[in-house]
Amino acid sequence: MAKQGAASYDKLIFELSSPGRRGYSLPARDVPATADVVPAKYRRKDAAALPEVSEFDVVRHYSRLSRMNYGVDTHFYPLGSCTMKYNPRLNEDMARLAGFLRLHPLAPEAASQGALRLMHELGVMLAEVAGMDAVSLQPAAGAQGELAGVLMIRAYHASRREKRTKVLIPDSAHGTNPASTALAGYDVIEVKSNADGEVEIDDLARHLDTDVAALMITVPNTLGNFEPRILEITGMCHAQGVQVYMDGANLNAILGITRPGDLGFDVCHFNLHKTFTTPHGGGGPGSGPVGVKAHLEPFLPTPVVVKKDDAYALDWKRPKSIGKLQAFWGNFGMLVRAYTYIRTMGPDGLRAVSENAVLNANYIMKRLSKDYDVAAPGPCMHECVLSARRQKKHGVTAMDIAKRLLDLGFYAPSTYFPMIVEEALMIEPTETESKQTLDQFCDAMIRIAREAETTPGLVHEAPVTTPVRRLDQTKAAREPDLKWMGGSGRPPSPPTSAPIGDMGGSGRPPSPPTSAPSA
Amino acid sequence: MAKQGAASYDKLIFELSSPGRRGYSLPARDVPATADVVPAKYRRKDAAALPEVSEFDVVRHYSRLSRMNYGVDTHFYPLGSCTMKYNPRLNEDMARLAGFLRLHPLAPEAASQGALRLMHELGVMLAEVAGMDAVSLQPAAGAQGELAGVLMIRAYHASRREKRTKVLIPDSAHGTNPASTALAGYDVIEVKSNADGEVEIDDLARHLDTDVAALMITVPNTLGNFEPRILEITGMCHAQGVQVYMDGANLNAILGITRPGDLGFDVCHFNLHKTFTTPHGGGGPGSGPVGVKAHLEPFLPTPVVVKKDDAYALDWKRPKSIGKLQAFWGNFGMLVRAYTYIRTMGPDGLRAVSENAVLNANYIMKRLSKDYDVAAPGPCMHECVLSARRQKKHGVTAMDIAKRLLDLGFYAPSTYFPMIVEEALMIEPTETESKQTLDQFCDAMIRIAREAETTPGLVHEAPVTTPVRRLDQTKAAREPDLKWMGGSGRPPSPPTSAPIGDMGGSGRPPSPPTSAPSA
Amino acid sequence: MRYLSNTGPEQRAMLDVIGAASIEALLTRVPAKARLARPLALPAAAAEMDLVREMRALAAVNADAESYTCFLGGGAYDHFSPTVIDHMILRGEFFTAYTPYQPEASQGTLRTIYEYQTMIAELTGMDVANASLYDGGSSLAEAALMAANVTGRTEIVLAAGVNPLYRHVTATYCQGPGVKLRTVPAPGGAVDLDAAKKLVDLKKTAALVIQTPNFYGCLEDVAAAAEIAHAAGALLIVAADPVNLGVLEAPGRLGADIVVGEGQGLGVPLSYGGPNLGVFAAKKELVRRMPGRLVGATVDLDGDRGFVLTLQTREQHIRRAKATSNICTNVALCALMATIYVATLGKQGLVDVGELSAAKAHYAAERLSAIPGVSLRFPAPFFKEFTLKLPVSPDRVVGKLLKQKILAGVPLKRFDKALGDCLLVAVTEKRTRAEIDQLADALGTAVA
Amino acid sequence: MRYLSNTGPEQRAMLDVIGAASIEALLTRVPAKARLARPLALPAAAAEMDLVREMRALAAVNADAESYTCFLGGGAYDHFSPTVIDHMILRGEFFTAYTPYQPEASQGTLRTIYEYQTMIAELTGMDVANASLYDGGSSLAEAALMAANVTGRTEIVLAAGVNPLYRHVTATYCQGPGVKLRTVPAPGGAVDLDAAKKLVDLKKTAALVIQTPNFYGCLEDVAAAAEIAHAAGALLIVAADPVNLGVLEAPGRLGADIVVGEGQGLGVPLSYGGPNLGVFAAKKELVRRMPGRLVGATVDLDGDRGFVLTLQTREQHIRRAKATSNICTNVALCALMATIYVATLGKQGLVDVGELSAAKAHYAAERLSAIPGVSLRFPAPFFKEFTLKLPVSPDRVVGKLLKQKILAGVPLKRFDKALGDCLLVAVTEKRTRAEIDQLADALGTAVA
Ligand SMILES: Cc1ncc(COP(=O)(O)O)c(C=O)c1O
Ligand SMILES: Cc1ncc(COP(=O)(O)O)c(C=O)c1O
């Protein structure tokens, strides 16, 4: 029954295609037809097999598909570490002003002053928020901000003729931390966290030596707790000439309360698509500006937006720069949104954001602490991590709970992240949610805890109201079907499991979804 | 189960309200606070009890409510007589250009030339489409177009010192026809239709006399058939000095094929929200321009948009005009949309619209003619009317079929209209729907016909996938609950059943929905 | 033909099923004599990008309230409108849906209308509000006819301050039923109550109609008018702008039997005067005589709360010639805009909008009337709009200020010969002090 | 604070449940020494209408492609984009959703990505495409690193015609892994194949990289490049603009092992260069070494078709330091724009866009090179973009034409000293003959 009505829609755009149908209208050619402007050898031999549909087909198809999604607009989205707050409509309007939306990146600087000014001002505002000396807006997302940050640290050490090969990262870190660090050419060394997700100071001390280039940690940490000994930690590092990088993904917890720079960090990145309300868009685009202290400024990505007198310009003469991260200047559209948001909130508003984010998270943690194990004692900051250990005893896993929530009208928390917590359920409500919504969510969670004991079958059955239920992940990985093959049903022949020069690409199916972190 | 998840959302905005919560931000007062600018005697004693919610509350609430609707964007909408075709997005964009959307109706004419020019050109284009000599864009909807048309006929007869008191209207007519005619001060005389919904020529002849001011008929008629003897009919009328009015709601059937003017009509209105793709908006706004032959032009509503040399103006000096229908010039936003549509389609496109509308309707009629009784033999024009007579024998009514369609992912046809057809199901597919969609719909209708015979219970149970099911209409009318009373559940005390000077307003509950026409 | 679906082969296949040789064969009932033998004489189809270019140019020649500073009123106002409104009404499920005749598939629309009815009833202080009529003008006309029907009387007495455009519409609607209109003068801006008392007839008068603030911006004494009307057994119809009712007393609390108004100020774009929002509210005794749709709460098969169109026996699709009105399509989407507007601004927001507008209007009146030769035309108190008397032709002043991208106001000559030297100026919360000062400076120069 | 929910009383009630005296009491773990004792030094909160006014002014200063005639290219193009795209991506269920980690609640996004992968694979002629990377530059960088990993080699050979901005990004990404970059000259505009053959090393070269049309607009011989690369056991990486591939041969059909590109032309707004759309496609043998997300079709509990993120063991959230890339957030919404673009334009539309652009570009080249002193800098065939040699400083010419609201082209000085006298001109299907003629006339005058 859940699959009746609109929910049962099961078409792909290709399956609506009808030869000769048109969804567009272009003007007729108004220039002479210069024969073979494109020599035959460069021409496509046979036309690409693309859909042929009407404009109405497009509108109805994508309207229907959209209804198969949960979005922040339609559902509470307590996805930990993702800061799924309300995406203001005003941001969308401002990013669509023709002067911004239709501006070409290679337009003369003199003709782009409005855009350059916005970028310059946003950089200054972000630096103030993080207590940093300079900011680059170029990174396209948090992970790229990490790469940029670590590369700057690398360039810094190199400039001081220091060969350091290791970067320390807590075992509780987000996957992009080790991935970005490895990409920057460092050996990743895991530092243990204690039960509260805090860095084991002794373990850290043990690892700290002159071969360590940096320590990269997330504040508040991925258990939602603030490192109480953070000043000590950054101090220890600096004593060894080790740079400290703060993953700023959780900045929503500390706006106007404390600043990475004041905590002793040398570098930190921002996720504008988290703290600063640019929409997640189903996976992106985001924006991951990176802020640094003065000693790292020479290494910022090129170009840097500079202000000379009352004119703004792109400064390309940056001999020590780590280079470019993407072709142009950054995800400008996201910058306009973040700028609009900061201007809308003001200093008091931003601080109220963090205060309410913290309040909401603690309220949820408190209300659920009887029925679920709490990963680390509170007070937490902007998010809290629960463990479904207890429910697991009844055979109900974190994933089962996540699926059941879908039926009750909520998106799911992040599951199985951080990895140091068994059956982790990571819950981040954000400040834009109301007490009423939090109460509805807590009631649902408590109801599920009861069901786990009394009617676990119900939870295992879930979800029953969604268009599809519990998809076969193993089949998906064993017989990859990554594009539409004319509905022949026949999946493309599976990839040869061992490509030439394989350097670790595993042929085996991925670890089952129950243990795949989602954040 | 159908009521789980998002579908189960049951809040009103008032029920989200929390004292002191804000959803807006206005600038601080920048002018001196002139004390009591508004004398106390005019001031509200106690503040209006309005919602107090955040902007996010608003966005999530209305996003969720929207998901409880079926729209043309999301569902096939075969609602007869309503021409539920695709509403082009380009129309929406053009109507939102600041030069149109933010233009004040009392801006100087010299500063409104773009708007006036668009109106003038649209009037000319509509006149061409209908074969009329002049068009007024002022009527806000079809019904107001009817009122304007009948008032012009009235003024015309008066100008010729003729006292005519009656207007003839077929019994198959839409309710607005008699209602508008009565409002214009005429006695409405019903003319019989034959089984095919065509005017009984003899019955018409019997009624035609010098006391008749006009005949108002719909072409194609409400059974979707074209009056084969229409020229004869308009001729008969003119012979008696009777004006003929064509209800243009079904114009989508004849664009570029024939024109009301060429069929002998003196007046006809357009429903821009049907034929010309302006959206229905959940009930409005629409636009109902009215076209007339030259002899009626002096009576057009004031003001009329005129062109002098290259300048456009509003002509207020219209001594014979029937007057104004709404405060300003017409539903301009809808005019921009219709103009955009006509310019997009061009003459060939508009003709193709009608050809495909007719083709689609005949295809459905043919495919369903085995399983349902057809009200009138084909070929039909843009819509066809079926009767659920046969299904009724199994206790399955037109309404049951409509409800069952909702479960199968389709909106319902118009039901119980026209009233001359028993258990009427009026189906208008429009030209924007594809054969694939029509086939899915026909398959569903045939499936329901089978269910009516084999498992009628299933059909009576329907709908089961919607947020609510089979609402109690009688309770709604007996104990009117027309506004939120603080959720006390207590409905307002029912209206005193017999207001002073009652002139027919009935105290009895409305005839049950099964017989309430929906179009 | 990007809006059409059928391809040649599909048409062929469908014709085969139908058993017709061609689409032409389906059109045989259309008399050959009346067939159009040529293509329609219309401009050829325009490609999307070409049409956009052309429409932009057409829109650009208009002096809109975004690129000009707007002090125009007279029934349409440049009030602030939160952006969320347009984002929400662009949800296809809202704007591409039809009238909610199938309640199970229309709860979204039905709920928003129920919210709207509640908000309007609360603002106007009335028992019930309908789902909307076309605009303020036709709402007043419908109210006049309703009053005549309810009372069985044949005359409507209107205050001279009622928007002349509304009076014009009312006169049009009253032709058929033969209802007579009479006007009470308003020499001081507000209606002359003594004259009203004389004009209101114990037998003939169905209703007394006033508007507050009226067309000239003056506030009327609703309670006094109610006394006069009721003393004669007539109804009191009040026309009011709902966006003012966060600050101004609800007419219902002062004795109005029917409240109508133009709801455009509640988040509906100016759009050159349409579509607008016809507000209509009344006492509950009159509900079964009201024009337009009504949404009511009820329960469904499972006892869950649900909403439906109700009391439809008043309407044309059931009552036909005997219906309370001929209206069918209304302005539902504009009512939705107003609903979202009121939800977003809310209890405090409507107070702020009213207070800001009034404060700025009075600041403007002060600045402008300080200009030599310029004065307030009427002594009566006003709210956000006022009538100025100018020493030179208002049309000329308006023309001069237009060049400075200022829409200075509405010259009243067209509406009332006697006010040929007057300019109607409206000031909303959107106007900044700087803009008002610019207006004052520019107008000062223009009349100097 | 219209974006915040909790009121004072609600905060109080929540604190009571928590058992905390104040919000401050929840922040005790933040070291007092590091607490910010002052408010952030940021501009005060701006009301919606004030901020809109300010932002409009800021945007108005820019010479955007709507108010100016744009002939700029170099990796971003002013192609036509149907309006339906923006209407669809503004559906909250799309743009406010997260990465589809919960497939049951994300089928909308997952299906669109699967459609996107299919479209890109078809256009590029490759077996598999991923769900998107950041932009063309980072896509090329990821391709280079992937080639190094797959082959176990340490050098990448790039044609000089590869967009210098992409080469810059690639160099940045290659620092860490220590992969070396070498460049093959392109004296005639297209890459010197003999030089390439010499430079490609049998042991060290992981991949040969070409772009076609290249940065200067010239078309490259992909098949010949493939031969050279494969002969050395290296991969061929081709950078291509997918919007051209309705007309130009799919690189996959010519031997490319990896195809990357900037997908902005597929309906993604210019937006001053970001967000863009990083296209990435490869042979199926390489799928488990690919960076970025992949969506696959599978079945659900009831046997119904459904879609999921798959082969995630390549990704950072599972493989961490050993992941094929560090990418997490990608540009899903831009990929959705491209999906809707390709769906709307479709099979014929992409051919029309390519043919129109090419025809107009060649018409422009003819008109411009007819100007005395102006000539085409390179003999190689081009598609929609070409390099002009000017007799006077390109910067000065650009400056002059800017005053006439024409964005004439991109001066190449910044990218290649040797081309200091060159201007890169791009012409899309959006440019009319009239606009091209204006450009020619204005440029003629500017260089005269
Ligand atoms: C803690 C943390 N660090 C880094 C990232 C990576 O940021 P992005 O997805 O923008 O690359 C995320 C995002 O999920 C995160 O939660
Ligand atoms: C045949 C017919 N006539 C008249 C009307 C009334 O038009 P409107 O709803 O625009 O007032 C309609 C609309 O339903 C109709 O179908």
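Structure: see above.
Residues numbered from 1 in each chain as written. Chains lettered and ligands numbered in written order. Predicted model: local features only at pLDDT ≥ 70, side-chain atom pairs only at ≥ 80, totals over all residues. Heavy atoms only, no water.

A. Geometry of the overall build of chain A. Check the secondary structure of chain A and you find 14 helices and 13 strands. A globule of 519 residues ought to have a C-alpha radius of gyration of about 24 Å, and chain A, at 25 Å, matches this closely. Across its three principal axes, chain A shows a C-alpha extent of roughly 70 × 70 × 55 Å. By residue count, 71% of the 519 residues in chain A fall in the buried class. Partitioning the contacts of chain A with sequence separation of at least 6, the portion at a separation of at least 24 is 72%. Of the accessible surface of chain A, which amounts to about 14700 Å², a share of 52% is contributed by carbon and sulfur atoms. Charge centroids of chain A, computed over 57 positive and 57 negative side chains, lie 5 Å from each other. (Helix = DSSP H or I, 4+ residues; strand = E, 2+ residues; numbered from the N terminus. Rg over C-alpha atoms; globule rule 2.2 N^0.38 Å. Buried < 20%, exposed > 50% of the residue type's maximum accessible area, 1.4 Å probe, protein only. Contact = heavy atoms within 4.5 Å. Areas by Shrake-Rupley, 256 points an atom, 1.4 Å probe, with all protein chains shown as cover. Lys, Arg positive; Asp, Glu negative; His and termini not counted. Charge placed at Lys NZ, Arg CZ, Asp CG, Glu CD.)

B. Broad picture of the interface of chain D and chain A. In this assembly, 203 residues from chain D lie in contact with 229 residues from chain A. Taken together, the two surfaces of chain D and chain A that pack against each other cover about 18800 Å², and 63% of this comes from carbon and sulfur. The three residues of chain D that bury the most area against chain A are Tyr3(D), Arg29(D) and Tyr272(D), which together make up 6% of that side's buried surface. The tally of links from chain D across to chain A stands at 17 salt bridges. (Buried area = accessible area lost by both parts, 1.4 Å probe. Salt bridge = Lys/Arg side-chain N within 4 Å of Asp/Glu carboxyl O.)

C. Local environment of the nonpolar core. Membership of the largest hydrophobic core comes to 635 residues, with the highest contact counts inside it found for Phe276(A) and Phe276(B). The residues contacting Phe276(A), other than those within four sequence positions of it, are Leu126(A), Val129(A), Leu251(A), Leu255(A), Phe270(A), Asn271(A), Ala338(A), Tyr341(A) and Ile342(A). (Core = buried A, V, L, I, M, F, W, Y, C linked by side-chain atoms within 4.5 Å.)

D. Region of interest: the interface of chain B and chain D. Contacts between chain B and chain D engage 20 residues on the former and 17 residues on the latter. Of all residues in chain B, the largest losses of buried area upon contact with chain D belong to Ser25(B), Glu55(B) and Arg89(B), amounting jointly to 34% of the total for that side. Arg67(B) serves as the salt-bridge partner of Glu93(D), at 2.8 Å between the closest nitrogen and oxygen. Our count for the chain B to chain D interface comes out at nine residue pairs in polar contact (both at pLDDT 80 or more). Secondary structure elements with two or more residues in the side of chain B that touches chain D: helix H1 (55-66) and helix H2 (89-95) of chain B. (Polar contact = N/O pair within 3.5 Å; in protein donor to acceptor, adjacent residues only side chain to side chain.)

E. Quick peek at the sheet that holds strand S5 (residues 243-247) of chain A. Residue and element names in this part refer to chain A. What the seven strands build is an open sheet, ordered S1-S7-S6-S5-S4-S2-S3; its pairing is mixed. Among the strands making up the open sheet, the edge pair consists of strand S1 (134-136) and strand S3 (187-191). The mean inter-strand angle of the sheet, taken between neighbouring strand axes irrespective of direction, is 25°. For strand S2 (residues 166-170) and strand S4 (residues 212-218), the ladder comprises three bridges, and the chain directions are parallel. Pairing of Val167 across the sheet is with Ala214, part of S4. (Pairing = 2+ DSSP bridges. Axes fitted to C-alpha atoms, helices over the stretch in contact; angles between N-to-C directions.)

F. Molecular detail of the site of ligand 1. Around ligand 1, 16 residues are found, and the nearest of them are Ser81(A), Asp247(A), His273(A), Lys274(A) and Thr329(D). Taken together, the residues near ligand 1 originate from chains A and D. One nitrogen or oxygen atom from the side chain of Asn271(A) is found 3.1 Å from an oxygen atom belonging to ligand 1. Sort the elements by how many residues they give to the shell around ligand 1 and helix H5 (residues 142-159) of chain A lands first, with three residues. By residue class, the composition of the shell around ligand 1 is six nonpolar, seven polar and three charged. (Near = heavy atom within 4 Å. Nonpolar A, V, L, I, M, F, W, Y, C, P; charged D, E, K, R; others polar.)

G. A look at the environment of Pro170(A). Residue placement: Pro170(A) occurs in strand S2. Here the alpha-carbon distance between Pro170(A) and Gly99(A), two residues 71 residues apart in the chain, equals 44 Å.

H. A look at helix H5 (residues 107-124) of chain C. With 18 residues, H5(C) ought to run about 26 Å at 1.5 Å a step, and its terminal C-alpha atoms sit 25 Å apart, in line with that. With its phi angle positive at about 75°, Gly125(C) sits one or two positions after the end of H5(C). (Expected span 1.5 Å × (residues − 1).)

I. Highlighting unusual backbone geometry. Residues and elements named next belong to chain A. Each neighbour pair has its own omega, and for Gly284 with Pro285 the value is 0°, a cis peptide bond. With respect to the secondary-structure elements, Pro285 resides in the loop between strand S6 (267-269) and strand S7 (290-292). For the bond from Phe417 to Pro418, the omega torsion is 0°, close enough to zero to count as cis. Turning to its location among the elements, Pro418 is positioned in the loop between strand S12 (414-415) and strand S13 (424-427). In this structure, Thr430 takes a positive phi of about 70° despite not being glycine. Following the sequence through the fold, Thr430 ends up in the loop between S13 and helix H12 (435-454).

J. A look at the pattern of salt bridges. For the structure shown, the criterion picks out 141 salt bridges over all chains. Between Glu128(B) and Arg259(B) there is a salt bridge, with its nearest N and O atoms 3.3 Å apart. Highlighted residues: Glu128(B) in helix H4 (residues 113-130) and Arg259(B) in the loop between strand S5 (243-247) and strand S6 (267-269), separated in sequence by 131 residues. Pair check on accessibility: Glu128(B) and Arg259(B) agree, each one buried. Arg38(C) serves as the salt-bridge partner of Glu128(B), at 2.7 Å between the closest nitrogen and oxygen. Residue Glu128(B) is found in helix H4, and its partner Arg38(C) is found in the loop between helix H1 (8-18) and helix H2 (48-60); the two belong to separate chains. A relative accessible area of 14% places Glu128(B) in the buried class.

K. View of H4(B). Residue and element names in this part refer to chain B. Counted at 1.5 Å a residue, the expected span for H4 with its 18 residues is 26 Å, and the 26 Å between its end C-alpha atoms agrees. Within H4, 13 of the 18 residues are buried, which leaves it mostly tucked inside the rest of the structure. Looking one or two places after H4, you find Gly131, whose phi comes out positive at around 65°.

L. Molecular detail of the packing of H4(B) against helix H9 (residues 332-368) of chain B. All names here are of chain B. It is at 10 Å that the axes of H4 and H9 come closest, and there the two elements cross at 45°. Classified by the angle between their axes, H4 and H9 sit oblique to one another. Note that H4 runs across H9; the crossing there is left-handed. In contact with Ala115, Leu118, Met119, Glu121, Leu122, Met125, Leu126 and Val129 of H4, H9 contributes Phe332, Leu335, Val336, Ala338, Tyr339, Ile342, Arg343 and Leu350. For the contact of H4 with H9, the residue count by class is 14 nonpolar, no polar and two charged. (Parallel < 35°, antiparallel > 145°, perpendicular 65-115°, else oblique. Left-handed = near helix turned anticlockwise from the far one by under 90°.)

M. Summary view of the side chain of His61(A). Mapped onto the secondary structure, His61(A) falls in helix H1 (residues 55-66). At 3.4 Å, the side chain of His61(A) and the backbone nitrogen of Ile13(A) are in polar contact. Residues within four places of His61(A) in sequence aside, it is in contact with Tyr9(A), Lys11(A), Leu12(A), Ile13(A), Leu16(A) and Glu115(D).

N. The site of ligand 2, seen in detail. Taken together, 16 residues sit near ligand 2, with Ser81(B), Asp247(B), His273(B), Lys274(B) and Thr329(C) positioned nearest. Among the chains of the assembly, those with residues near ligand 2 are chains B and C. In this structure, His273(B) approaches ligand 2 through a side-chain N or O atom, which is 2.7 Å from an oxygen atom. The contact in question runs from an oxygen atom of ligand 2 to an N or O atom on the side chain of Tyr98(C), over 3.4 Å.

O. Summary view of the sheet that holds strand S8 (residues 278-282) of chain D. Residue and element names in this part refer to chain D. The seven strands lie next to each other as S2-S8-S7-S6-S5-S3-S4, forming an open sheet whose pairing is mixed. Only two strands of the sheet have a single partner each, and these edge strands are strand S2 (128-129) and strand S4 (180-184). In terms of strand pairing, S2 meets S8 through two bridges, oriented antiparallel. Within S8, the position partnered with Val128 by the bridge is Ala282. The sheet strands contacting helix H5 (residues 107-124) are S2, strand S7 (258-262) and S8, and the helix crosses S8 at an angle near 70°.

P. Spotlight on the packing of H5(A) against helix H7 (residues 164-175) of chain D. Contact pair H5(A) / H7(D): the axes reach a minimum separation of 10 Å and the direction vectors enclose 65°. Classified by the interaxial angle, the pair formed by H5(A) and H7(D) is roughly perpendicular. Between H5(A) and H7(D) lies a crossing of left-handed hand. Taken together, the residues of H7(D) that come into contact with H5(A) (itself represented by Gln144(A), Leu147(A), Leu151(A) and Arg154(A)) are Thr172(D), Tyr173(D) and Gln175(D).

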